[in-house]
Amino acid sequence: MTTTYVPGDGPSSGYTKIGTADFTGRVVSGLVPHDRPDSVELHQLYPDPCERLGVIDHIGAANAELKILPRHRDAWSDAERTALAEFFSARHRDHHRLAVLLNITSLLGEAANGR
């Protein structure tokens with residue numbers, strides 16, 4: 001069995017994991033690269049082997065684009081691709097909102113401490 005490296009989660013890894021879901025028996029995880037916050041890299045974790053599936057570029061924009069790597073394209077129907085894009089777009093939006101709220105909370109805390 002061959003295992004392909006899947007990036008970790010956290011500040012030191014260069015990625016933030018935003019979700020994992022089962023799509024018709026295939027488990028896919030989405031990670032936001034710290035250097036490309038408007039993209040989500042998709043990694044199929046199950047069934048084996050773990051490998052990169054594709055990417056959603058410009059995810060926060062109206063023109064978000066799901067790109068499945070050529071070797072995986074035939075395995076994903078249009079409906080499944082839509083489900084992937086919708087799930088990870090929603091997770092990305094939630095992650096972004098949380099980051100904004102945490103930043104606001106941090107700023108309010110600093111202001112209150114400065115009184």
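Residues numbered from 1 in each chain as written. Predicted model: local features only at pLDDT ≥ 70, side-chain atom pairs only at ≥ 80, totals over all residues. Heavy atoms only, no water.

### Description of the pairing of strand β4 (residues 51-57)
Among the 7 residues that make up β4, 6 are buried, leaving the element largely enclosed by the rest of the structure. As judged from the 5 bridges shared by strand β3 (residues 40-46) and β4, these two strands associate in the antiparallel manner. Opposite L42, over in β4, you have G54 as the bridge partner. Taking the residues that link successive antiparallel strands as the turn, the β3-β4 hairpin has 4 residues. Direction of pairing for β4 relative to strand β5 (residues 65-68): antiparallel, over a ladder of 4 bridges. The partner of G54 across the bridge, within β5, is I68. (Buried < 20%, exposed > 50% of the residue type's maximum accessible area, 1.4 Å probe, protein only. Helix = DSSP H or I, 4+ residues; strand = E, 2+ residues; numbered from the N terminus. Pairing = 2+ DSSP bridges.)

### A word on the nonpolar core
One finds F23, V28, V40, L42, L53, L84 and F88 to be the most contacted residues of the largest nonpolar core, which totals 14 residues. Elements with a contribution of two residues or more to this core: β1 (15-23), β2 (26-33), β3, β4 and α1 (78-113). The leading source of residues in this core is β1, at 3 residues. Those residues in contact with F88 that sit more than four places away from it in its chain are I18, G19, F23, V28, S29, G30, V40, L42, I56 and I59. (Core = buried A, V, L, I, M, F, W, Y, C linked by side-chain atoms within 4.5 Å. Contact = heavy atoms within 4.5 Å.)

### Some remarks on the sheet that holds β5
With antiparallel pairing, 5 strands are arranged side by side in an open sheet as β1-β2-β3-β4-β5. Each end of this open sheet is capped by a strand with a single partner; those strands are β1 and β5. The mean inter-strand angle of the sheet, taken between neighbouring strand axes irrespective of direction, is 25°. (Axes fitted to C-alpha atoms, helices over the stretch in contact; angles between N-to-C directions.)

### Considerations on the pattern of salt bridges
Counted according to the given criterion, the structure contains 6 salt bridges. Salt-bridge contacts for R36 lead to E41; the nearest nitrogen and oxygen are separated by 2.6 Å. Note on R36: relative accessible area 31%, which makes it partly exposed. Here E41 ties to R52 by a salt bridge, and the two come within 3.9 Å at their closest N and O atoms. Taken together, the positions of E41 in strand β3 and R52 in strand β4 put the pair 11 residues apart, joining distant regions of the chain. Among the residues examined, R52 registers a relative accessible area of 30% and is labelled partly exposed. Each of R36, E41 and R52 takes part in salt bridges that share partners, so that together they form one network. (Salt bridge = Lys/Arg side-chain N within 4 Å of Asp/Glu carboxyl O.)

### Re the pairing of β3
Within β3, 5 of the 7 residues are buried, which leaves the element mostly enclosed by the surrounding structure. Direction of pairing for β2 relative to β3: antiparallel, over a ladder of 5 bridges. The residue of β3 that forms the bridge with V28 is Q44. Between β2 and β3, which follow one another and run antiparallel, lie 6 residues.

### A look at the packing of aromatic side chains
Under the counting rule described, the total for this entry stands at 4 aromatic pairs. Seen from their ring centres, F87 and F88 are 4.8 Å apart, and the 90° between their planes marks the pair as edge-to-face. Overall, the relative accessible area of 27% leaves F87 in the partly exposed class. Of the aromatic side chains, those joined through ring pairs into one cluster are F23, W76, F87 and F88. Directly above the aromatic system of W76 lies the positively charged group of R26, at a separation of 3.8 Å from the ring centroid. (Phe/Tyr/Trp six-rings, centres within 6.5 Å; stacked < 30°, edge-to-face > 60°. Lys NZ or Arg CZ within 6 Å of the ring centre and 35° of its normal.)

Everything listed here is a matter of geometry and, on its own, says nothing about what the molecule does.
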